[in-house]
Amino acid sequence: VDVEIVGASFAGLTCARICAAHGLPTVVWERKREPGQAVRTTGILVREAVDEEEPPIAGTRRIHGVRLFGPSLAHVDLEAPGYTFLATDTPALLRELAGRAADAGADLRFASSFPEVRTGRLLVGADGPRSTVATLEGLGRNRRFLVGIEAEFEGVEDLEERLHIFLDSELAPGYIGWVVPGVGITQIGLATRLPARPDLERFLRRAARVVDLSGATRVGARGGPIPVGGTVRPFASEDAVLVGDAAGLVSPLTADGIHTALSSGRVVAQAIVNHLLDGGPALPVALAGIYPRFVTKRLLRRLLDLRPPNAAIDLALASDRFPTVASRVFFDRTGGRSPVGASRR
Ligand SMILES: Cc1cc2nc3c(=O)[nH]c(=O)nc-3n(C[C@H](O)[C@H](O)[C@H](O)COP(=O)(O)OP(=O)(O)OC[C@H]3O[C@@H](n4cnc5c(N)ncnc54)[C@H](O)[C@@H]3O)c2cc1C
């Protein structure tokens, strides 16, 4: 085997598809029984993930803006012309990514944990926030985490097509709560910065004050750790490399990681193909400077970790500048060049 990958999720399946499509014998170990089983993530795709990585998007739901609530439940609506998020049927999305990788020739081994004795010329750790590959290979490990928990509901009536985001330092210290109009379900959850633990029932009571849950039935649950310490170092050696959450490639501020999981799977696959087939540079050289550094976002993460008091959040939300600043966080990954809009209600 040329390429041995641990983890059949966004990063691992993308990497496997590209390596296999170039004719490299590629094996993927995945401890889950099948693709998309027991997903942990809300599964929202940011616009850039769709534009740049072209994931399968059949059956997704477009969400055009954000409704941002303060602790007092006063809110502002934010949108950017032409910007949409995509809610996904995440298990279906992962099944489709697995199908693409298998069609390209990758050997996907579900219900098979990584045996921890490597056989591939190159080993790729796509095994999530608490990466076994990172530990075994002496690579950098994630050390700062949020923990998120989410319930899936059917029968939520009249929910506006927006991400409903709740800022509250007591309920969700270090992060946010959310209500997402998903595909066939509504997803309601929150995350907190460890060691604080999310109290989902308390958040559901809060959300029920602005979202009608009277006819809703709980049908499922998701959740897990989210690394927010930024890119781990080192993330590559001569014969092993980390991608996606294993490499800490999650925005420390907004905690979205699917886009970077897909893109890191792709760039690492391209570096592997170049190295193994065309005599290109070894991974540490080929990937130097490629992963994001998240400098500003790590700084803003520190501010969030200070848990600003709820009264201060409500004051900020009421200020004239707030909608513009918040819109930049949600919609603008261009460093201030894209137009954003906001309205207050
Ligand atoms: C509650 C929550 C909500 C989130 N919401 C969003 C969102 O809406 N949008 C967004 O962009 N990001 C979101 N994220 C983050 C996003 O889910 C991750 O960044 C993304 O899943 C990372 O993908 P990955 O392929 O790197 O790893 P993962 O999706 O974590 O997959 C790792 C895979 O490796 C497998 N594995 C691990 N160890 C082994 C082993 N030893 N042997 C075999 N298999 C193994 C696991 O079973 C798993 O399938 C959320 C995260 C959480 C926890």
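This write-up is about the structure you can find in this document. (Residues numbered from 1 in each chain as written. Predicted model: local features only at pLDDT ≥ 70, side-chain atom pairs only at ≥ 80, totals over all residues. Heavy atoms only, no water.)

### Topic: the pairing of strand 8 (residues 122-125)
Item 1. Judged by which residues are buried, strand 8 turns out to be covered on both faces: L122 and V124 on one side and L123 and G125 on the other are all buried.
Item 2. Where strand 1 (residues 3-6) and strand 8 come together, four bridges link them in parallel fashion. Across the sheet, residue I5 finds its bridge partner in strand 8, namely V124.
Item 3. Pairing analysis gives three bridges linking strand 8 to strand 14 (residues 240-242), with the strands arranged parallel. Along strand 14, the bridge assignment pairs V124 with V241. (Buried < 20%, exposed > 50% of the residue type's maximum accessible area, 1.4 Å probe, protein only. Helix = DSSP H or I, 4+ residues; strand = E, 2+ residues; numbered from the N terminus. Pairing = 2+ DSSP bridges.)

### Re the pattern of salt bridges
Item 1. Overall, the coordinates contain 18 salt bridges when judged by the stated rule.
Item 2. The partner of E161 in a salt bridge is R61, with the nearest N and O atoms 2.5 Å apart. Taken together, the residues span a long stretch of sequence, with E161 in the loop between strand 9 (145-154) and strand 10 (162-166) and R61 in strand 3 (residues 61-63) at a distance of 100 residues.
Item 3. The salt bridge involving R222 is made with E150; its shortest N-O contact spans 3.8 Å. Highlighted residues: R222 in strand 13 (residues 217-227) and E150 in strand 9, separated in sequence by 72 residues.
Item 4. A relative accessible area of 8% means that R222 is categorised as buried.
Item 5. E150 gets classed as buried once you look at its relative accessible area, which sits at 2%.
Item 6. Ionic contacts of the salt-bridge type, sharing partners, join the residues R67, D77, E79, E160 and R162 into one network. (Salt bridge = Lys/Arg side-chain N within 4 Å of Asp/Glu carboxyl O.)

### Some points on the environment of P225
Item 1. Mapped onto the elements, P225 comes out in strand 13.
Item 2. Sequence separation of P225 and G99 is 126 residues, and the distance between their C-alpha atoms is 27 Å.
Item 3. Setting aside chain neighbours within four positions, we find P225 in contact with R40, P129, R130, F145, L146 and V147. (Contact = heavy atoms within 4.5 Å.)

### Things to note about the site of the ligand
Item 1. Around the ligand, the surrounding shell holds 33 residues, and the nearest of these are S9, A11, E30, I44 and D245.
Item 2. Within the contact set of the ligand, a nitrogen atom lies 3.0 Å away from a backbone nitrogen or oxygen of F114.
Item 3. Measuring from a nitrogen atom of the ligand, one finds a backbone N or O atom of G257 at 3.1 Å.
Item 4. With the chains in place, 91% of the 1000 Å² that the ligand exposes on its own is no longer accessible.
Item 5. Among the secondary structure elements, those contributing two or more residues to the shell around the ligand are helix 1 (10-21), strand 13 and helix 6 (258-278).
Item 6. Ranked by residues supplied to the shell around the ligand, first place goes to strand 13 with three residues.
Item 7. Grouping the constituent residues of the shell around the ligand by class yields 14 nonpolar, 12 polar and seven charged. (Near = heavy atom within 4 Å. Polar contact = N/O pair within 3.5 Å; in protein donor to acceptor, adjacent residues only side chain to side chain. Areas by Shrake-Rupley, 256 points an atom, 1.4 Å probe, with all protein chains shown as cover. Nonpolar A, V, L, I, M, F, W, Y, C, P; charged D, E, K, R; others polar.)

### Remarks on the side chain of S169
Item 1. Tracing the backbone through its elements, the reader meets S169 in the loop between strand 10 and strand 11 (177-181).
Item 2. For S169, a relative accessible area of 13% puts it in the buried group.
Item 3. A distance of 2.5 Å separates a polar side-chain atom of S169 from the backbone oxygen of P308.
Item 4. Apart from residues no more than four positions distant in its own chain, S169 is found in contact with R307, P308, N310 and I313.

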